[in-house]
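Coordinate inspection notes
Here is how the chains run, residue by residue.
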Amino acid sequence: MYRRFLLTLWLLPVLVMFFTSCVEETTPELEEEKFARLYDDNRFNESIIPIDVAQTTDGGYLVLAKRRLPESHFTGIYLMKVNSRGEFEAAQELDVQYVNPVGELMVADGNHYFFCMDELTVQTHLVRVSENLEDIAVNPLQAGLTYPAAASLQGNEFLLLSYDHMEKLSVLSLVRPDGVVTASQGYDIGVGDEVDEPIINHFIGGGKKFPFQTGRIPGGAYFFNGFYNYTFSLVFTDLNSEEPMGVVQGQHDDGGFSAVLPIVSTKFAAARFNFGDNFLLPNVVLPPNAITSSVDYPGNTLPELVPNATVKILRTTIDGTQTLVFASETRSKQIALLFYDEATGALLGSHYLGFSNPFEVASVIATEDDGLLVCGTAYLAGRFPRICLFKLPKEELAEKVRR
Amino acid sequence: MKGLLLIALVSFSLTSAFSQPGGNKSGSRKKNRVSYMTKDRMQREENKFLEKQWWLGLKGGTNLTKAIVTKHFSGVSPANYPIADALKEYEDFKSYGSQVTLEGTFYFRQLSLSLQPTYSRSRFVYSNYYAWSDPENAGHSLELHYRQTQKTEHLVIPLLVRYDITATRLRPFIQAGAFAALLINAGKEVTISGTDYASGGEHEFSGDPIIVGAKDLFAPAFYGLMGGVGAHYHQGNIRLSLDISYRYGLTNIVSPANRYGNDRLAGVGDAMDDMTMDNIVISVGCVFPLRFLGNAYKAVDNK
């Protein structure tokens, strides 16, 4: 008995030394790898809804958001800079003359760019923002483009979709960072006042929002997701003709694509909506030279998503696997991340963000450390829309997609 | 886990106590031998008993906790007001916990070396306060109060040196040493309450608490120093004890890698600070001698 007790007596200090060697310490790397932040603004009447996020050269993040303007039909512009740990650094509210900020938040010449419009003239302006928000320049485009709806970076130029309310045209343009429009083509949305009503409502606060988008098949045709021929459609074009190369038609304003990501040639990752239902298509062939309908592409139905859900698609590599990340929002007001194998279209895993308060997705990007940053709206106290950021480390992502 | 631990502690204690020389059956035989001992031999045995002894026993009691922040973290990052307004307010030494301890002590000439593995449950509370208002309309106002209770369970393993100040029947002592605490389990409870002035009047509300398992949010182990005072009272073969100790945590009790690992808590903007944990520990118990028991389980100790 005594020997046993003595053995125990000597064994325990050894164990103590072993365990005390495992001290938990916070490191800068840990703080950057994973965080979850809600950016509060204590103004009761303020609504800040993020649009897009981009990583800056210092490892931090720049967020483009829209904010409610009490005396305007349109939304104002809000910019926020946080550091690599997600800690708030600075914010800027642009003059209320400038409204309707439009993503993407694009990087060119070491600056960040996005489009907005003048509240009175509805003319499109290009905004250049330095990373620290100390230098912000707003310049009108030389061409009289109105109602900017979506933009993306294509090489060294911006591919802008705008709406010409006078001629009732969806206009796709290439814009240089200095504001010069190098190419532009309009596409007829149809005749009649009721045709452009949903488009104008999209720009007005509180109206139904459409997933306008622009892009380009690598080395191939340009495309935009917008109104054409009375229907919310995916339109392919070479920008040389007012007749599209091909169209995937939606269902008036009740159906169409909610997100499109070209992979290669005619292969796409996409999501579509149809009278409230949502379908994810991680591996779909869309012919850019034909006229088809979005209902021709069935996809995976996801009843858990809110009707006509916002969907963002990111192409990235996780744990050595080329992966498509679909980010959307659920009926339980969480942000859902669904991971698909790019090669096969098979679901690899899922992850849900946000509890206790309602959350909506705005954007998802890959970070320099191979993690993911999810930007969204958190309704603090269930009622105040504010920006939220979730940073997920690569190790955690690997666990999500590992089978 | 908790049950197994308790059973193990109690079994070890009882086994040790009843496996000593000098049980009831052999008591009568030894009684005769003792009666023939010379006075010198008795004195020598008595001295041996007093000078060198093993003690084993159980004690239990309550504890109070203070969390000491070493680095602030917050899931809520203020964009238009000072970050100091979003910091947590801690309640120090206000929430009661409990502990049960198996004490094994080697005593030698008023000095003791004591190993006291302890199952310890601690609680500490912090709060956040948020408010939204409109300077132009006093009615546009909402206040929210988040009260977060942390409940931790650790196996604390202290190794203490104790000095008996006197060698009397009532022996006051002082003790000091170091400890390691191994996490067994943890949980968090968040209660959200507030006052809404914007929905037609002053309306106070509170929601159902969010209760989550939070073992991953805490460090698997931490260590520190401890010291305290107390007293033993000799009653027959046993010593009754009362002691008050202060456990001074030296290392982080939080797991930095998992700070944002609980989505339910991240959703309400909770992120635990880096912190150490101090405890005031009050215990009562009794210990049994393991050597030189005499007749009828009676110690050869006249004091």
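Structure first, text after, so check above.
A short tour of the structure in this document, coming up. Bear in mind that the values here come from a model prediction, so they are computed numbers and not experimental data.

Turning our attention to the overall build of chain B. Tallying secondary structure elements over chain B gives four helices and 13 strands in all. Looking at chain B residue by residue over its 303 residues, the buried ones come to 50%. Excluding contacts between residues fewer than 6 apart, the proportion of contacts in chain B whose partners are at least 24 apart in sequence is 76%. Of the roughly 13900 Å² of accessible surface on chain B, 58% is carried by carbon and sulfur atoms.

This part covers the sheet that holds strand β20 (residues 277-285) of chain A. Spatially, the four strands line up as an open sheet ordered β18-β19-β20-β22 (chain A), and their pairing is antiparallel. The sheet terminates laterally at β18 (255-264) and β22 (300-301) of chain A, the two strands that pair on one side only.

What follows covers the interface of chain B and chain A. Between chain B and chain A, the residue contacts involve 57 residues of the former and 46 residues of the latter. In this assembly, chain B packs against chain A so that about 4400 Å² is buried in total across both faces, 65% of it on carbon and sulfur atoms. Inspection of the region where chain B meets chain A yields two salt bridges. The residue R383 of chain A makes a salt bridge to D196 of chain B at a minimum N-O spacing of 3.1 Å. Linking chain B to chain A there are 21 residue pairs in polar contact (both at pLDDT 80 or more). Elements that contribute at least two residues to the side of chain B that touches chain A include exactly α1 (2-18), β1 (52-71), β2 (76-78), β6 (118-134), β7 (137-164), β8 (170-196), β11 (221-235) and α4 (263-267) of chain B. With six residues, β7 of chain B is the single largest residue contributor to the side of chain B that touches chain A. Residue composition of the side of chain B that touches chain A, by class: 32 nonpolar, 17 polar and eight charged. Relative to β2 of chain B, strand β1 (residues 35-40) of chain A is paired through three bridges, and the arrangement is parallel. Bridge pairing links L38 of chain A to V76 of chain B in β2 of chain B.

Parameters and conventions
- Residues numbered from 1 in each chain as written.
- Chains lettered and ligands numbered in written order.
- Predicted model: local features only at pLDDT ≥ 70, side-chain atom pairs only at ≥ 80, totals over all residues.
- Heavy atoms only, no water.
- Helix = DSSP H or I, 4+ residues; strand = E, 2+ residues; numbered from the N terminus.
- Buried < 20%, exposed > 50% of the residue type's maximum accessible area, 1.4 Å probe, protein only.
- Contact = heavy atoms within 4.5 Å.
- Areas by Shrake-Rupley, 256 points an atom, 1.4 Å probe, with all protein chains shown as cover.
- Pairing = 2+ DSSP bridges.
- Buried area = accessible area lost by both parts, 1.4 Å probe.
- Salt bridge = Lys/Arg side-chain N within 4 Å of Asp/Glu carboxyl O.
- Polar contact = N/O pair within 3.5 Å; in protein donor to acceptor, adjacent residues only side chain to side chain.
- Nonpolar A, V, L, I, M, F, W, Y, C, P; charged D, E, K, R; others polar.

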